[in-house]
Amino acid sequence: MTRYRLAIFDFDGTLADSLPWFRTSFQDMITRFDLAPVSPEELEAMRGLSARDIMARLKISMWQLPAIVSDMRKRKLAAASETPLFDGIPAMLADLQRLGIRTAIVSSDSEASVRLVLGPTASLITRFDCGAAVFGKHWKFRRVARKLGAKPSETICIGDELRDIDAANAAGMDSGAVAWGYALPAALHAAGPTHFFNAIDEITQRLASTHNTHP
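Remember, it's a predicted structure, so these values are computed and weren't measured experimentally.

A. Main features of helix α8 (residues 162–170). Of all the residues in α8, the buried ones are L162, R163, D164, I165, A167 and A168. Of the surrounding secondary structure, the elements contacted by the buried residues of α8 are α3 (51–58), α7 (137–147), β4 (155–159), β5 (174–178) and α9 (185–190). Positive backbone phi, approximately 75°, marks G172, located one or two places after α8.

B. Molecular detail of the packing of helix α1 (residues 19–32) against helix α4 (residues 65–78). It is at 11 Å that the axes of α1 and α4 come closest, and there the two elements cross at 140°. Taken together, the axes of α1 and α4 are oblique relative to one another. The interaxial crossing formed by α1 with α4 has right-handed handedness. On α4, the residues touching W21, F22, D28, M29 and R32 of α1 are I68, D71, M72, R75 and K76.

C. Looking closely at the nonpolar core. Judged by nonpolar contacts, the single largest core of 32 residues is most densely connected at F9, F11, M92, I105, L118 and L207. When residues of this core are traced back to their parent elements, those giving at least two are β1 (6–9), α5 (89–99), α6 (111–118), β3 (127–130), β4 and α10 (200–211). Ranked by residues supplied to this core, first place goes to α5 with five residues. Not counting chain neighbours up to four residues away, the residues in contact with M92 comprise F9, L15, I200, I203 and T204. In this structure, I30, M46, L65 and Y182 belong to the second largest nonpolar core, which totals 29 residues.

D. Examining the environment of L148 more closely. Here L148 lies in the loop between α7 and β4. With a relative accessible area of 12%, L148 lands in the buried category. Expressed as a C-alpha distance, the spacing of L148 and A91, which sit 57 residues apart in the sequence, is 22 Å.

E. Structural view of the sheet that holds β1. Overall, parallel pairing links the six strands, which are arranged β3-β2-β1-β4-β5-β6 in an open sheet. Each end of this open sheet is capped by a strand with a single partner; those strands are β3 and β6 (195–197). Sheet twist, expressed as the average angle between the axes of neighbouring strands with direction ignored, equals 20°. In terms of strand pairing, β1 meets strand β2 (residues 102–107) through four bridges, oriented parallel. When the bridges of β2 are listed, F9 appears paired with I105. Helix-sheet contacts for α5 involve β1 and β2, and the interaxial angle to β1 is about 155°. Against the sheet, α8 touches β4 and β5, its axis set at about 170° to β5.

F. Focus on the pattern of salt bridges. Considering all chains together, one arrives at 17 salt bridges under this definition. A salt bridge links K137 to D10; the nearest nitrogen and oxygen atoms lie 2.7 Å apart. Within this pair, whereas K137 is found in helix α7, its partner D10 is found in the loop between β1 and α1, the two being separated by 127 residues in sequence. We note that K137, like D10, is buried. When salt bridges that share partners are traced, they join D28, R32, D71 and R75 into one network.

G. Region of the structure containing the packing of aromatic side chains. In total, this model carries three aromatic pairs according to the counting rule given. A centroid spacing of 5.3 Å and a plane angle of 55° characterise the contact between F22 and F26, whose relative ring orientation is tilted. Taken as a pair, F22 and F26 lie in helix α1 at a separation of four residues, close to a single helical turn. Residue F26 is classed as buried on the basis of its relative accessible area of 2%. With centroids separated by 5.6 Å and ring planes inclined at 85°, the aromatic side chains of F22 and Y182 adopt a geometry described as edge-to-face. With a gap of 160 residues between them, F22 in helix α1 and Y182 in the loop between β5 and α9 connect regions that are remote in the sequence.

Criteria and cut-off values
- In every chain, residue numbers begin from 1 and rise along the written sequence.
- Reporting of local features is limited, given that this is a predicted model, to residues whose pLDDT is at least 70; pairs of side-chain atoms are given and counted only at 80 or more, and all residues count toward the totals for whole chains, interfaces and linings.
- Working from all heavy atoms in the structure, the side-chain values ignore hydrogens and water.
- Under the scheme applied here, a residue whose accessible area is under 20% of the maximum for its type counts as buried, over 50% as exposed, and between as partly exposed, the area being computed with a 1.4 Å probe on protein chains only.
- A helix here means a DSSP run of H or I that spans at least four residues, while a strand means a run of E at least two residues long, and both kinds are numbered starting from the N terminus.
- Should any heavy atoms of two residues lie within 4.5 Å, those residues are counted as being in contact.
- Every angle, taken between N-to-C directions, lies between 0 and 180 degrees, and every axis is a line fitted to C-alpha atoms, over only the stretch in contact when it is a helix.
- Small angles under 35 degrees read as roughly parallel and large ones over 145 as roughly antiparallel, with 65 to 115 read as roughly perpendicular and the rest as oblique.
- Two helices that cross are described as forming a left-handed crossing if the nearer one is turned anticlockwise from the farther one by less than a right angle, and a right-handed crossing if clockwise.
- Residues grouped as a nonpolar core are buried Ala, Val, Leu, Ile, Met, Phe, Trp, Tyr and Cys residues, joined through side-chain atoms within 4.5 Å.
- When DSSP finds at least two bridges between two strands, those strands are taken to pair.
- Counted as salt bridges are all cases of a side-chain nitrogen of Lys or Arg within 4 Å of a carboxyl oxygen of Asp or Glu.
- Aromatic pairs are defined between Phe, Tyr and Trp rings, using the six-membered ring for Trp, whenever the two ring centres lie within 6.5 Å; interplanar angles under 30 degrees are classed as stacked, those over 60 as edge-to-face, and all others as tilted.

Listed below in structure tokens is the structure:
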């Protein structure tokens, strides 16, 4: 099994419980940018779609995307003080640090927002590379691994969306999908991640066992 030296985490939906915020902000985003209307039931069903399929459903053009992402980042920063980490995240990150596995965060969100939500837990993160484009995470994965001296084969990228799995594959890295975030578990399973985590403590258990596989 792979001996991981670096774990790169997505933030929203993976470390931070921001899905409730997203649900309340979604309809306002649709109104602001004059997107195709979506019912609450449809919104839940969209959790099984890829990012490109969601864009097609909302009729978002590529030229609209930067403005929408920028607007959502600003809203996210304003709501950072009310966004909690999932229970067990600080302990999990501390455990990985003790194991000698370095951690990084690559997120579409702003670093300011991420750090506000993390609070003191930010000290457990070795590197931040935020502001990722919706479809550009693989470049940041590669850059973070290079900066931290980890080979792609020694790196796992853990997230809650289908595009996180795609980006890890594009970067030549292993992927980890979490069951508690944005995308539906069935959709994540179908995408074939290297690891699937049903609970936060499984991350430590799995990475600890792989870390100790080789001398």
